[in-house]
Amino acid sequence: MLKPSKANLFTTSTFPPNQNTYTSVQKMVLCYPSTPKKLAMTVACFLGGASLFYVGLQLSHKNIAPQQARIKARNDFVRERLKQKYGYEGPTLRKD
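These notes cover the structure that comes with them. (Residues numbered from 1 in each chain as written. Predicted model: local features only at pLDDT ≥ 70, side-chain atom pairs only at ≥ 80, totals over all residues. Heavy atoms only, no water.)

## Concerning helix H3 (residues 64-86)
Three or four residues apart is the spacing at which side chains of an α-helix point the same way, because the helix has 3.6 residues per turn. Short version of the rule: Secondary structure elements are taken from DSSP: a helix is a run of H or I of four residues or more, a strand is a run of E of two residues or more, and numbering for both begins at the N terminus. Multiply 1.5 Å by the residue count of a helix minus one, and that product is the helix's expected span.
Compared with the 33 Å implied by 1.5 Å per residue over 23 residues, the 32 Å span of H3 between its first and last C-alpha is a close match. Once H3 ends, the next one or two residues include Gly87, with phi positive near 75 degrees.

## A closer look at a nonpolar patch on the surface
Stated formally: Patch construction takes residues with relative accessible area above 30% that form no salt bridge. Like charges are linked within 9 Å, and nonpolar side chains (Val, Leu, Ile, Met, Phe, Trp, Tyr) are linked within 5 Å. The Shrake-Rupley method, run with a 1.4 Å probe, gives the accessible areas here. Residue values count only the displayed protein chains as cover. We define a salt bridge as a side-chain nitrogen of Lys or Arg found within 4 Å of a carboxyl oxygen belonging to Asp or Glu.
Residues Phe53, Tyr54, Val55, Leu57 and Leu59 make up a contiguous nonpolar surface patch of about 550 Å² in total accessible area. If you trace the backbone, Tyr54 turns up in helix H2 (residues 36-62).

## Observations concerning the packing of H2 against H3
Quick note on the threshold: Only the stretch in contact is used when fitting a helix axis, every axis being a line fitted to C-alpha atoms; angles between N-to-C directions are given from 0 to 180 degrees. We call two residues in contact whenever any of their non-hydrogen atoms come within 4.5 Å of each other. Residue polarity follows a fixed list, in which Ala, Val, Leu, Ile, Met, Phe, Trp, Tyr, Cys and Pro are nonpolar, Asp, Glu, Lys and Arg are charged, and the others, Gly among them, are polar.
Between H2 and H3, the shortest axis-to-axis distance is 4 Å and the interhelical angle comes to 35 degrees. On H3, the residues that touch Ser60, His61 and Lys62 of H2 are Ile64, Ala65 and Pro66. Across the contact of H2 with H3, the residue classes tally to 3 nonpolar, 2 polar and 1 charged.

What follows is the structure in structure tokens.
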């Protein structure tokens, strides 16, 4: 029986896979860094990404009020223009 090497482990296309291939794949899959240096790099990259996300969130929150004011001014302008041109009053809320 042929034992797959690391080079052809992912290029074998036998279906269903024989038991040797399956156990070799299970042994190769690791979901954690193998050294403390890799763990530190993973944590550093995660914290760097999280800090960039936080900065973007803060900038977005800081700039939302001017955007809302600009949208309100544009909506008011369009309503006023439609009122002048067509006598349009816009949707009104019912007070029952």
